[in-house]
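# Per-entry structural report
Residue strings, one per chain:
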Amino acid sequence: MENTSLPTTPVPFIVRFLKPYGRYFFGLAAIGALWSLELSLRPYLIKVMLDRLAEATVEDNLFYRLAVPIGTYIAVIFSTTILFRVYDYLTLKFLPGFNRDIVLALIDYTEKHSHSFFQNHFGGSIANKISETADASEKIVEAMFDRFLPHILALIVACYTMSTVHFHLALILAVWAICFVFCGHYFSKKPHELSVELAESQSKLMGKIIDSISNMLTIRLFARQRYEYGYIAGQVTRKTEKAEELGWSALKRHSALQTAANLLVAVLLCYLIYARQRGMVTLGDFALILTLSISIIDSLWHLSNGL
């Protein structure tokens, strides 16, 4: 665009509109950090309960032996529920206003363009781009709190927790996680390119449809209905082709990442059985590692979808 009153790169652009919402930003970041701790804490409490059950004798009072881990587990469940509701509250106070500020700023930014700019661009396409920019910025901020920050912290905490049980298992998880994220980023390049092309095709299509409907009287006066229909049909076909390409690319990516996730579970299960037979891990350790690895796979899956 011709006007330079707004940042033209994503990070400075988003940071500009985040500044008025700093307190909500840090509140959401704190909740993400607490959630990452909870992700490892619950499996650890299950480990403690299973180990105490395995060590208990017939004469032992199980309620007494399990009172602390069970009480802590229940407290964590209720605390997490409250935490997520606070997260929802902060999101409602933050994201709608963030989206509104971007839309208004972009409208003001667009109005300052020259008359030739509006002659050379569809009005509907300009409107779509304003809406898409605001929505995309909102999704990036959501991804930061829903995926990147909490899931990266969760991986770090999980590796530390796992290292307290068996260093080799933590090493396997850490190496696999790095490879998984790298592969996720690599396989995301093509879908990202296709997504941009699809969004551009969608914007052109909607812009043309809106302009055709707005100028229907002129189109009828000059008998241009068939021409307009043919042009729009061509845009629809191009959009459909891009959508199909994106779908196939996403299918290949998901298949590769799911295979990697399945391999990790298989390797960990084999190692855990081997270690259990030699008395290297307890029953609780077995449950902790397996539960934690499945949780981390789920976290990294969400993380990779945001790359």
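Everything discussed here concerns the structure shown above.
A brief look at the structure comes next.

### Things to note about the overall build of the chain
If you tally the helices and strands in the chain, you get nine helices and zero strands. Going from N to C terminus, the chain has its helices and strands arranged as α-α-α-α-α-α-α-α-α. For the chain, the C-alpha radius of gyration of 26 Å lies well beyond 19 Å, the compact-globule estimate for 307 residues. With the C-alpha coordinates aligned to their principal axes, the bounding extent of the chain is approximately 95 × 40 × 30 Å. Within the chain, the fraction of its 307 residues that count as buried is 37%. In the chain, the 28 positive side-chain charges and the 25 negative ones have mean positions that sit 3 Å from each other.

### A few points about the environment of Met 216
With respect to the secondary-structure elements, Met 216 resides in helix H7 (residues 216-221). Met 216 gets classed as partly exposed once you look at its relative accessible area, which sits at 30%. Along the chain, Met 216 and Ile 140 lie 76 residues apart, while their C-alpha atoms are 38 Å from each other.

### So, the environment of Arg 147
On the secondary structure map, Arg 147 appears in helix H5 (residues 123-165). Residues Arg 147 and Leu 300, spaced 153 residues apart in sequence, show a C-alpha to C-alpha distance of 8.4 Å.

### What about the side chain of Glu 38?
Here Glu 38 shows up in helix H2 (residues 22-55). Not counting residues up to four positions away in its chain, the partners in contact with Glu 38 are Pro 43, Val 76 and Thr 80.

### What to know about the packing of aromatic side chains
If you walk through the whole model with that rule in mind, you get six aromatic pairs. Ring centres 5.1 Å apart and planes at 55° place the aromatic pair Phe 13 and Phe 17 in the tilted group. Of the two residues, Phe 13 and Phe 17 both sit in helix H1 (residues 10-18), four residues apart, roughly one turn of that helix. Each member of the pair, Phe 13 together with Phe 17, is buried. An angle of 45° between the planes, with centres 5.4 Å apart, marks the rings of Tyr 21 and Phe 94 as tilted. Of this pair, Tyr 21 sits in the loop between H1 and H2 while Phe 94 sits in helix H3 (residues 62-111), and the two are 73 residues apart along the sequence. Judged by relative accessible area, Tyr 21 falls into the buried class, the value being 9%. For Phe 94, a relative accessible area of 0% puts it in the buried group. Within the aromatic cluster, the residues linked to one another by ring pairs are Tyr 21, Phe 94 and Phe 98.

Thresholds, definitions, all that
- Residues numbered from 1 in each chain as written.
- Predicted model: local features only at pLDDT ≥ 70, side-chain atom pairs only at ≥ 80, totals over all residues.
- Heavy atoms only, no water.
- Helix = DSSP H or I, 4+ residues; strand = E, 2+ residues; numbered from the N terminus.
- Rg over C-alpha atoms; globule rule 2.2 N^0.38 Å.
- Buried < 20%, exposed > 50% of the residue type's maximum accessible area, 1.4 Å probe, protein only.
- Lys, Arg positive; Asp, Glu negative; His and termini not counted.
- Charge placed at Lys NZ, Arg CZ, Asp CG, Glu CD.
- Contact = heavy atoms within 4.5 Å.
- Phe/Tyr/Trp six-rings, centres within 6.5 Å; stacked < 30°, edge-to-face > 60°.

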